[in-house]
Amino acid sequence: MSWQQPDVPLPSGLQADEATPGWMNKGDNAWELTAAALIGMQSVPGLIILYGSMVKKKWAVNSAFMALYAFAAALICWVVWAHEMSFGERMCPILGKPRFVVLGQKYLLEMERNGYIPKATYVFYQFAFAAITVILLAGSLLGRMNFYAWMVFVPLWLTFSYTIGAFTIWGRGILERRIIDFSGGYVIHLSSGVAGFTAAYWVGPRLSEDRQHFPPNNIISMLGGAGFLWVGWTGFNGGSPFAANLIASLAVLNTHICTAISLFVWLSMDMLVYKKSSVMGAVQGMITGLVCITPAAGIVEPWAAGLMGAFSGSIPWYTMMVLHKKSSFFKKVDDTLGAFHTHAVAGTLGGLLSGILAKPSLLRLYYGNQERGPGLFYGLIQGELMDGLKQMGFQIIGAVFVASWNVVITSFICIFLSRFLNLRMDEGALEIGDDAAHGEEAYALWGDGERSPPYPRRRRLTIPTLCRSC
């Protein structure tokens, strides 16, 4: 029996008016604004707290400030030119026209082509994605990059790297109808991990003593930042359908299933190999789970999300904890927080697993009439092996394209900046840290970095010997 629309009038609060056009769905718009706010909170304050706590005490201010600055700079670039380069009219197969229309009321209050929401909502949602991408990239550069070089790097990378991946896979680019990337396994995580690793190569390493001993300065705060990241991923993946629908609900549940299993697997690996349960390891496992499920959140079944969690808790663990220590190339490049493993490796893994585990019925619900899929697993079951292999081929092509573009463009940006600015702070500043970079310190306690007591010391009173026996 098919469901039929009841012939009853809408409540007055749901009827169209001047501020609510007939094409706009209030529920979808409310959810999308909420999802965008959740993504924004992953960056501010989430990654600000995570970075500021996860590094050595002398780099807490600098690390947190790099994240805050990137968030602000990304917003300016996004609304002025980068949004149209990512989602505007096609200029070439990999880039949109950089039209300066986003700040106009007429443009922002039009209907977005991807849902029943205003373009203003869509612009803000996609900005939150762009901002967190460049902040994730910063995780590879903490503890030594010249802040003034970072100030210039952010708009350049957002303009010439992020917009290309977004337009090619999500916008109107050449791979838009081919790649399965639900919420940014390639566009966000693979690009930030590869670009961060590449930039780390050109910037150079931290001081030798910092590389050998770089403990987090506040593990409790680090867990708080990680919590913002995990819970905020509800909006990260749940908002990608641009509607409060079945796919959004499935994406949210799959996200948390994969993340919990990934954390458990990473923690188990630590306990088996190192005989201790590591809080840092648990956070890394959480992140790899969140990243891995991102390209597949709404187009796989929950059992597949759990399987992806098992892979994301083990394969990035191996590349970070075993392969990284054996490879001379990996050891040469100082990737401060291991973003290559937690984002590039986990993002690629998620993209490839999407090509295997994507369910045809869910693909139709999300993409509609499209040319994607089925996943290779379902292709084998349904006798569509060639279609499944074809989809896997496109997933591989997408990964190679995003990785290659980020290596080349990030290298060009770093080489260009090095002609005018020092990418790395000088040795003296690296010894001091925050105070040298910003004239500020994270913990203003006397005897822990201050040059002089904040107030004159009180003289200690000495009790006469005669009175001590009283």
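Computed from a predicted model, the values in this text were never measured in an experiment.

Criteria and cut-off values
Residues numbered from 1 in each chain as written. Predicted model: local features only at pLDDT ≥ 70, side-chain atom pairs only at ≥ 80, totals over all residues. Heavy atoms only, no water. Helix = DSSP H or I, 4+ residues; strand = E, 2+ residues; numbered from the N terminus. Rg over C-alpha atoms; globule rule 2.2 N^0.38 Å. Contact = heavy atoms within 4.5 Å. Areas by Shrake-Rupley, 256 points an atom, 1.4 Å probe, with all protein chains shown as cover. Lys, Arg positive; Asp, Glu negative; His and termini not counted. Charge placed at Lys NZ, Arg CZ, Asp CG, Glu CD. Salt bridge = Lys/Arg side-chain N within 4 Å of Asp/Glu carboxyl O. Buried < 20%, exposed > 50% of the residue type's maximum accessible area, 1.4 Å probe, protein only. Patch = residues over 30% accessible without salt bridge, like charges linked within 9 Å, V, L, I, M, F, W, Y side chains within 5 Å. pLDDT = per-residue confidence, 0-100. Phe/Tyr/Trp six-rings, centres within 6.5 Å; stacked < 30°, edge-to-face > 60°. Lys NZ or Arg CZ within 6 Å of the ring centre and 35° of its normal. Core = buried A, V, L, I, M, F, W, Y, C linked by side-chain atoms within 4.5 Å.

Chemist: If you had to explain the overall build of the protein to someone new, which residues and values would you point to?
Modeler: Across its full length, the protein carries 19 helices and two strands. In terms of overall size, the protein behaves like a compact globule, its C-alpha atoms giving a radius of gyration of 25 Å where 470 residues would be expected to give roughly 23 Å. Expressed as lengths along the three principal axes of its C-alpha atoms, the size of the protein is roughly 100 × 55 × 55 Å. When contacts within the protein are restricted to residue pairs at least 6 apart in sequence, those whose partners lie at least 24 apart make up 76%. With an accessible surface of roughly 21,400 Å², the protein has 65% of that area assigned to carbon and sulfur atoms. Averaging the locations of the 34 positively and 29 negatively charged side chains of the protein gives two centres separated by 8 Å.

Chemist: Break down the pattern of salt bridges for me, with residues and values.
Modeler: For the structure shown, the criterion picks out eleven salt bridges. Where Glu84 meets Arg99, a salt bridge forms, and the shortest distance between an N and an O atom there is 3.1 Å. Within this pair, whereas Glu84 is found in helix H2 (residues 60-87), its partner Arg99 is found in the loop between strand S2 (95-96) and helix H3 (105-108), the two being separated by 15 residues in sequence. On the basis of relative accessibility, which here comes to 1%, the residue Glu84 falls in the buried class. Here Glu89 and Lys97 are joined by a salt bridge, their closest N and O atoms 3.7 Å apart.

Chemist: An account of unusual backbone geometry is needed here, citing residue identities and associated values.
Modeler: Cis geometry is found at the peptide bond from Val44 to Pro45, where omega equals 15°. Summarising the element assignment, Pro45 is placed in helix H1 (residues 26-54). Phi at Phe242 is positive, roughly 55°, even though this residue is not glycine. The topology assignment puts Phe242 in the loop between helix H8 (219-238) and helix H9 (246-274). For Lys275, which is not glycine, the phi torsion reads 65° and is therefore positive. Examined against the element boundaries, Lys275 turns out to sit in the loop between H9 and helix H10 (279-293).

Chemist: How would you sum up a nonpolar patch on the surface? Please name residues and give values.
Modeler: On the surface, a nonpolar cluster with roughly 530 Å² of combined accessible area is contributed by Trp303, Leu307, Phe311, Ile315, Phe377 and Ile381. For the nonpolar patch, the secondary structure elements donating two or more residues are helix H11 (302-326) and helix H15 (376-382). Per element, the largest residue contribution to the nonpolar patch is four residues, and it comes from H11. Residue placement: Ile315 occurs in helix H11.

Chemist: Account for the confidence of the model for the protein, naming residues and giving values.
Modeler: Mean pLDDT for the protein: 91, with 91% of residues reaching 70 or above. At the low end of the mean pLDDT range in the protein sits helix H19 (residues 465-468), at 45; at the high end sits helix H6 (residues 185-203), at 98. Contacts for the low-pLDDT stretch residues 452-461, under 50 throughout, to residues beyond four places or in other chains number four contacts.

Chemist: Got a sec to walk through the packing of aromatic side chains? Specific residues and values, please.
Modeler: In total, this model carries 28 aromatic pairs according to the counting rule given. A centroid spacing of 6.5 Å and a plane angle of 80° characterise the contact between Phe147 and Tyr148, whose relative ring orientation is edge-to-face. Residue class for Tyr148 comes out exposed when judged on its relative accessible area of 52%. Taken together, a centroid distance of 4.6 Å and an interplanar angle of 70° make the contact between Tyr366 and Tyr367 edge-to-face. An aromatic cluster is defined as three or more aromatic residues linked by ring pairs; in this entry it consists of Trp78, Phe87, Tyr122, Tyr125, Phe129, Tyr162, Trp170, Trp233, Phe236 and Phe242. Here Arg206 stacks its cationic end above the ring of Phe214, 4.4 Å away from the centre of that ring.

Chemist: An account of the side chain of Gln284 is needed here, citing residue identities and associated values.
Modeler: Counting through the fold element by element, Gln284 comes out in helix H10. Among residues more than four places away in sequence, those in contact with Gln284 are Met54, Trp266, Met320, Leu337 and Thr342.

Chemist: Describe the nonpolar core, with residues and values.
Modeler: Ranked by internal contacts, the top residues of the largest apolar core, which has 100 residues, are Tyr51, Leu141, Trp150, Phe153 and Tyr162. Per-element tally for this core: the top contributor is helix H4 (residues 119-138), with 14 residues. Leave out the neighbours within four places in its chain, and Tyr51 touches Ser63, Ala67, Ile135, Leu136, Ala138, Gly139, Leu142 and Leu337. Counting residues in hydrophobic clusters, the runner-up holds 21 residues, among them Phe182, Ile247, Ile293 and Leu362.

Chemist: Can you lay out the environment of Leu337 for me, pointing to particular residues and giving the numbers?
Modeler: For Leu337, the position within the fold is in the loop between helix H12 (328-332) and helix H13 (339-357). With 60 residues separating them in the primary sequence, Leu337 and Ile397 have C-alpha atoms 27 Å apart. Apart from residues no more than four positions distant in its own chain, Leu337 is found in contact with Tyr51, Met54, Gly139, Leu142, Gln284 and Met320.

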